[in-house]
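# Structural overview for review
Chain by chain, the residues:
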Amino acid sequence: MKQILLLTDGCSNCGMNPVAAAAQAYSDGITVNVIGILDDEHGESEGAREVAEIAAAGGGMSRNVHVRRLSQTMQMMTQQTVAHTIQQVVNRQLQQVFGQPQMEQLAPQKKAAVVQVMDELQETSGLRIALLVDSSLSMKAKLKTVQEAIADLLLNLRARRGKSEICVFHFPAGSDGQGAGLLLDWTSDLAAVQRLFADVQSRGVTPTGNALLQVLDYVLARRVQPAVNEERGLWSEYVV
Amino acid sequence: MSSWCQLLLREKTIIRGKWHGNRYEIVRALGKGANGNVYLVKTADGSKRALKISAEWQVLQSEINVLQTLHFSNGHRYVLDADEFELAGELCAFYVMKWVDGCDLRTYVQHHGRDWLVPLGTQMLRQLRELHLQGYAFCDLKAENVLVERHGRLQLIDYGGVTAFGRSLRQYTEQTDRGFWRAGERIASADYDWFAFAMICIDCIVPKSLQQLAAKPHGERSLATLLQLVEQETALVALRPFLRGALRGRFGSLDSALVAWQSMRRQTTVMPLPKSFSSWLKITFACSILLFICTILYVIP
């Protein structure tokens, strides 16, 4: 199972449209979840709207939260999206085998058995989460908390039976400052998360779309972006 | 996700199970959790039960699956009924369990005295051991989930976090979570429960010091700072050997934590005299010595 989790505090202002980039990820079978780290959690700001649109296009969840609630939001989101994905896969299988319209309508005993299978998958399936962290100037003061939240998330993932790894990108980065830079390759090592953002230099622009595409390529482990394969099923990338 | 089942149901609302047909009348809400709300209800014959409702039927079913495999030494089942009902066209799942009428451990110890901690702790460790012997850990152990009934009978409630050994935790509470204190993994084990148990004990005796420590930033929380607290607080002196073992995860067999805890019973007094009293004693003693010397000096020449 592979996901991208974007953490940002505002609007993209250069490069590709991030909503289109998220739609691309979705059609490649990678869910994009987004957490907006906003000072005003209930604001109807442009940034909050964009956060919701990126997640909707990326087939994932979105939340706008204050940075102090980042850690619990990341954990909750990961747990729910993983559960949701597994539920969809199992539901599809059930429909194929039994032609059952909805899992909800199963009798209690059957439900218990189905949930047991889902729990097992949730605990044992492989999971890779690519984190993409906005490190533009306005985020600078929050990066320490972001690092702690990542460490806490990794502690949860490590506990699973299935192999669980994260990688961390930040943006803006690159020679022209228009893309993302890799901070941490796939790992489940807690020590690797220490001092994650120590050498990151915060810059002004927010090229969210470009950064998303770059991470997508990395998650799909391809260097050059091939044409979209229409044949590929929605969930084929999920290693369930 | 907003849902009808997450709203608090009113008093006298009737819930009728879709599959088993049992009828429950809501008396009042007992608690609101992340995975659902718990109510005090009356059954058709008027007896009182606790009933947990959730819109996330998979999460609730997953809890039920675990709970139905557990055996309790008194022969009771934990899940008395599990069913569904429809609320405004939406499916709500629920299960029914025994209602425990008591007050939480911290409040009890504060009101009745610290002497209670040892006998209550023994009961708690016994109930944990019962789970451990079946290959499960309680996991979400916190003061609110430990109720003390009349005559000092202790009962763990909310078994929703119970997880098979070796699996990742389903739910936990920061203050008692080993991961929060950067003292170990979030994997279900007897060690994990004993760590949480030790944290509850510390919280019962020196709540303020513990809260101060918990409020520190992530990087400054560690097993070392916790152990330091245990060494510094004189009120914890009698519990020290146990706390050191539990926090470090040093207990080996499933019986060892209980044995270590019970060994404290043999000490004449578990809790030391209050600090102010002992310092007062020291000062008067010093004064009397001084007076004694003065008297001797006065008499001898």
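Structure shown above.
This write-up is about the structure you can find in this document.

About the cut-offs
Residues numbered from 1 in each chain as written. Chains lettered and ligands numbered in written order. Predicted model: local features only at pLDDT ≥ 70, side-chain atom pairs only at ≥ 80, totals over all residues. Heavy atoms only, no water. 1 Å grid on protein atoms, 1.4 Å probe; cavity = no way out; pocket = protein on both sides within 12 Å on 5 of 7 lines; lining within 4 Å. Points joined across faces, edges and corners; volume = space filled by probe spheres on them. Helix = DSSP H or I, 4+ residues; strand = E, 2+ residues; numbered from the N terminus. Nonpolar A, V, L, I, M, F, W, Y, C, P; charged D, E, K, R; others polar. Salt bridge = Lys/Arg side-chain N within 4 Å of Asp/Glu carboxyl O. Buried < 20%, exposed > 50% of the residue type's maximum accessible area, 1.4 Å probe, protein only. Axes fitted to C-alpha atoms, helices over the stretch in contact; angles between N-to-C directions. Parallel < 35°, antiparallel > 145°, perpendicular 65-115°, else oblique. Left-handed = near helix turned anticlockwise from the far one by under 90°. Contact = heavy atoms within 4.5 Å. Phe/Tyr/Trp six-rings, centres within 6.5 Å; stacked < 30°, edge-to-face > 60°. Buried area = accessible area lost by both parts, 1.4 Å probe. Polar contact = N/O pair within 3.5 Å; in protein donor to acceptor, adjacent residues only side chain to side chain.

## So, the layout of surface pockets
Considered as a void within the structure, the second largest pocket measures approximately 220 Å³ in volume. Lining the second largest pocket are 15 residues, and of these Pro108 and Gln109 of chain A together with Gln61, Ile64 and Ala82 of chain B sit closest to its centre. Only helix H4 (108–124) of chain A together with helix H1 (57–69), strand E5 (81–87) and strand E6 (90–98) of chain B provide two or more residues apiece to the lining of the second largest pocket. Classifying every residue of the lining of the second largest pocket by side-chain character gives 8 nonpolar, 4 polar and 3 charged.

## Some remarks on the pattern of salt bridges
Charged atoms that come close allow side chains of opposite charge to pair. Within this structure, the stated rule accounts for 15 salt bridges over all chains. Notably, a salt bridge pairs Lys52 of chain B with Glu63 of chain B, separated by 3.1 Å at the nearest N-O pair. Of the two residues, Lys52 of chain B is situated in strand E4 (residues 48–54) and Glu63 of chain B in helix H1; the sequence distance between them amounts to 11 residues. Here the two residues Lys52 of chain B and Glu63 of chain B agree in accessibility, since each one is buried. For the salt bridge of Asp158 of chain B with Lys52 of chain B, the shortest nitrogen-to-oxygen distance reads 4.0 Å. Of this pair, Asp158 of chain B sits in the loop between strand E10 (153–156) and strand E11 (163–164) while Lys52 of chain B sits in strand E4, placing them 106 residues apart in sequence. The class for Asp158 of chain B is partly exposed, based on a relative accessible area of 24%. Residues joined by salt bridges that share partners form a network here, namely Arg128, Lys163 and Glu165 of chain A.

## Considerations on the packing of helix H4 (residues 190–205) of chain B against helix H6 (residues 223–232) of chain B
The geometry of a pair of packed helices is captured by two quantities: the angle between their axes and the separation between those axes. Residues and elements named next belong to chain B. Contact pair H4 / H6: the axes reach a minimum separation of 12 Å and the direction vectors enclose 45 degrees. The angle between H4 and H6 falls in the class oblique. Considering the relative orientation of H4 and H6, their crossing is left-handed. Between H4 and H6, the contacting residues are Phe195, Met199 and Ile202 on the first element and Leu223, Leu226, Leu229 and Val230 on the second. Along the lines of polarity and charge, the residues of the contact of H4 with H6 split into 7 nonpolar, no polar and no charged.

## Details of the packing of aromatic side chains
All names here are of chain B. Taken as a whole and assessed by the stated rule, the structure comprises 15 aromatic pairs over all chains. Residues Phe72 and Tyr159 carry aromatic rings whose centres are separated by 5.5 Å and whose planes lie at 75 degrees to one another, so their mutual orientation is edge-to-face. Pair noted here: Phe72 is in the loop between H1 and E5 and Tyr159 is in the loop between E10 and E11, with a separation of 87 residues, a long-range link. A relative accessible area of 18% means that Phe72 is categorised as buried. Geometrically, the ring pair formed by Phe138 and Tyr159 is edge-to-face, given 5.0 Å between the ring centres and 80 degrees between the ring planes. Here Tyr159 lies in the loop between E10 and E11 and Phe138 lies in the loop between strand E8 (136–137) and strand E9 (146–149), a separation of 21 residues in the sequence.

## A short note on the interface of chain B and chain A
Interface extent is often summarised as the accessible area lost during association of the parts. Contact residues are listed per partner, giving 23 residues for chain B and 28 residues for chain A. Of all residues in chain B, the largest losses of buried area upon contact with chain A belong to Trp57, Arg167 and Arg186 of chain B, amounting jointly to 27% of the total for that side. The interface formed by chain B and chain A holds 4 salt bridges in total. We note a salt bridge from Asp152 of chain A to Arg186 of chain B, for which the minimum N-O separation is 2.8 Å. Taken together, the connections running from chain B to chain A amount to 11 residue pairs in polar contact (both at pLDDT 80 or more). The biggest single contributor to the side of chain B that touches chain A is H1 of chain B, with 5 residues.

## Describing unusual backbone geometry
Looking along the chain, the bond that leaves Phe171 of chain A and enters Pro172 of chain A is cis, with omega of 5 degrees. For Pro172 of chain A, the location among the structural elements is in strand E5 (residues 164–173). At His151 of chain B, a residue that is not glycine, the phi angle is positive and equals roughly 65 degrees. With respect to the helices and strands, the residue His151 of chain B is situated in the loop between E9 and E10. For His151 of chain B, a relative accessible area of 60% translates into the label exposed. Despite not being glycine, Arg182 of chain B has its phi angle at roughly 50 degrees, a positive value. The residue Arg182 of chain B is located in the loop between E11 and H4 in this model. You can call Arg182 of chain B partly exposed: its relative accessible area is 35%.

Worth remembering: the numbers are spatial, not functional.
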